[in-house]
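Overview (structure and organization)
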Amino acid sequence: MTTSTEMASHSQILVEEKSSVRTLTLNRPKQLNALSSNMISRLLRLFRAYEEDPSVTLVILKGQGRAFCAGGDIPPLLSYVIQGKWRLGAAFFADQYTLNYVLATCSKAQVSILNGIVMGAGAGVSIHGRFRIATENTVFAMPETALGLFPDVGASYFLSRLPGFFGEYVGLTGARLDGAEMLACGLATHFVPSTRLTALEAELCTVASSDPSFASTILDAYTEHQHVKQNSAYHRLDVIDRCFSRRTVEDIISALEREFTQRPDDWISSTTQALKKASPSSLKISLRSIREGRLQGVGNCLIRDYRMVCHVMKGDLSKDIVEGCRAILVDKDKNPKWEPRRLEDIKDRMVDKFFERLEGLEDLKLPPRNNLRASSIAAKL
């Protein structure tokens, strides 16, 4: 007998089988395909089954409607925090990070079609995969610092491997990138106009080998070179590297302000304002996480994410996630009252605590994997 939970997960992820290829569609368009607990569990089951099935050669992942996936399903997580049921929230993230790890180490090639919004958890189920297809409709961001969270889902792994200190810029400011910018920095592997996606998918469905070079050849034939727009932050890598390479968030902001006095510029001003509006606690732990991620494998990054998110869920060190979600998602007054309010009030010892295992809670146990391939982000750059 099918339970209501199973029915929900089946309707929220549509599965299409064509020859040796499986196409999975995230199907919560009204919620911009926000990942629910049921969706995470089903994706995990499906990808593990496909790995074991020799008849499956390729997995395509896409979203219904105008989003690929705009993030995790925030309302239930927020209610867990408010009700003091933080362990339920921790269990959600444990499943999500396990899924991220399975995707990052999957022996079958994954093609993610990012034809719309890709944020937070949406990045976690796509960027770790081998192929990421951007279009003219793609909008990418990791907006967590504005919500009192931090770029998780293994983002410290892939952001830290972007050119120079572009990952620090993207992760701390929540800056939005379009498809051309994603391709330029390596977050996307290909750019295909949305009008050609149907033909691309049809051709991908003919792939009869699990050797990723077959899918790669098809994707290369469809990809188009894109010029990054003139006002893109990607053209300012020199300024980004000078400022976002600094040791602390305070030093980053000071460096940006110095740049502004030497050459007043709207982009520098808006970047500085984005940092000043974000949660000070989130900024500090996010910077440290990205810096640590530069020297670690994806598994260790996800284990660290779990430690950090457990502290965020428990609210023992900061309650900024409740305030950030209230201000941005619930009341939408965009005026969060962070605590502590100032960067200088957050000492290194407080930051250290976010990276320590919570007493009485085990570290995330990731499944053993045979295919510890290098990330395609790392391979590309």
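Identification of the protein chain as 3-hydroxyisobutyryl-CoA hydrolase from Camelina sativa is taken from an unreviewed UniProt entry. Listed in UniProt under the heading Catalytic activity (unreviewed entry), the comment for the protein chain reads: "3-hydroxy-2-methylpropanoyl-CoA + H2O = 3-hydroxy-2-methylpropanoate + CoA + H(+)". The UniProt entry for the protein chain carries this comment under Sequence similarities (unreviewed entry): "Belongs to the enoyl-CoA hydratase/isomerase family."

1. Things to note about the pairing of strand E3 (residues 58-63)
The pairing of strand E2 (residues 21-26) with E3 spans six bridges and is parallel. The residue of E3 that forms the bridge with Leu-26 is Gly-63. The β-α-β motif built from E2, the intervening helix H2 (residues 37-52) and the parallel element E3 has right-handed crossover chirality. Relative to strand E5 (residues 109-114), E3 runs parallel, the two being bridged by four bridges. Residue pairing in the sheet places Val-59 in a bridge with Gln-110 of E5.

2. Some details on the packing of helix H4 (residues 86-104) against helix H15 (residues 298-314)
Where H4 meets H15, the axes come as close as 9 Å, and the angle between the chain directions of the two elements is 165 degrees. Judged on the interaxial angle alone, H15 and H4 are roughly antiparallel. Crossing geometry of H4 relative to H15 is assigned as right-handed. Contacts between H4 and H15 involve Trp-86, Gly-89, Ala-90, Phe-93, Ala-94, Tyr-97, Asn-100, Tyr-101 and Ala-104 from the first element and Val-298, Gly-299, Leu-302, Asp-305, Tyr-306, Val-309, Cys-310, Met-313 and Lys-314 from the second.

3. Thoughts on the packing of aromatic side chains
Tallied over the full model, the rule gives seven aromatic pairs. Seen in terms of ring centroids, Phe-166 and Tyr-169 are 5.6 Å apart; in terms of plane orientation they differ by 40 degrees. Their pairing is tilted. Of the two residues, Phe-166 and Tyr-169 are both situated in helix H7 (residues 166-173); the distance of three residues between them amounts to about one turn of the helix. For the pair Phe-166 and Tyr-169, one class covers both residues: buried. When the ring of Tyr-169 is compared with that of Trp-267, the centres are 5.6 Å apart and the planes differ by 50 degrees; the resulting orientation is tilted. A residue pair is termed long-range when its members are at least 10 positions apart, and Tyr-169 in helix H7 and Trp-267 in helix H13 (residues 266-277) qualify at 98 residues. Of the two residues, Tyr-169 and Trp-267, both sit in the buried class. Joined through ring pairs, the aromatic side chains of Phe-166, Tyr-169, Tyr-234, Phe-244 and Trp-267 make up one cluster. In this arrangement the basic side chain of Arg-288 is found over the ring face of Phe-355, its NZ or CZ atom lying 4.2 Å from the centre.

4. A word on the packing of H7 against helix H11 (residues 237-244)
Interhelical geometry of H7 versus H11 gives an angle of 75 degrees and a closest axis separation of 8 Å. By the angle class used here, H7 and H11 are roughly perpendicular. Here Phe-166, Glu-168, Tyr-169, Leu-172 and Thr-173 of H7 come into contact with H11, specifically with Leu-237, Ile-240, Asp-241 and Phe-244. Among the residues forming the contact of H7 with H11, the class breakdown is six nonpolar, one polar and two charged.

5. Observations regarding helix H14 (residues 280-293)
Between its first and last C-alpha atoms H14 spans 20 Å; for 14 residues at 1.5 Å apiece the expected length is 20 Å, and the two agree. Of all 14 residues in H14, eleven are buried; the element is thus mostly enclosed. Of the positions making up H14, those classed as buried are Pro-280, Ser-281, Ser-282, Leu-283, Lys-284, Ile-285, Ser-286, Leu-287, Ser-289, Ile-290 and Gly-293.

Definitions and limits used
- Residues numbered from 1 in each chain as written.
- Predicted model: local features only at pLDDT ≥ 70, side-chain atom pairs only at ≥ 80, totals over all residues.
- Heavy atoms only, no water.
- UniProt positions renumbered as here; feature names shortened; annotations may be inferred.
- Pairing = 2+ DSSP bridges.
- Helix = DSSP H or I, 4+ residues; strand = E, 2+ residues; numbered from the N terminus.
- Right-handed = clockwise from strand over helix to strand, strands pointing away.
- Axes fitted to C-alpha atoms, helices over the stretch in contact; angles between N-to-C directions.
- Parallel < 35°, antiparallel > 145°, perpendicular 65-115°, else oblique.
- Left-handed = near helix turned anticlockwise from the far one by under 90°.
- Contact = heavy atoms within 4.5 Å.
- Phe/Tyr/Trp six-rings, centres within 6.5 Å; stacked < 30°, edge-to-face > 60°.
- Buried < 20%, exposed > 50% of the residue type's maximum accessible area, 1.4 Å probe, protein only.
- Lys NZ or Arg CZ within 6 Å of the ring centre and 35° of its normal.
- Nonpolar A, V, L, I, M, F, W, Y, C, P; charged D, E, K, R; others polar.
- Expected span 1.5 Å × (residues − 1).

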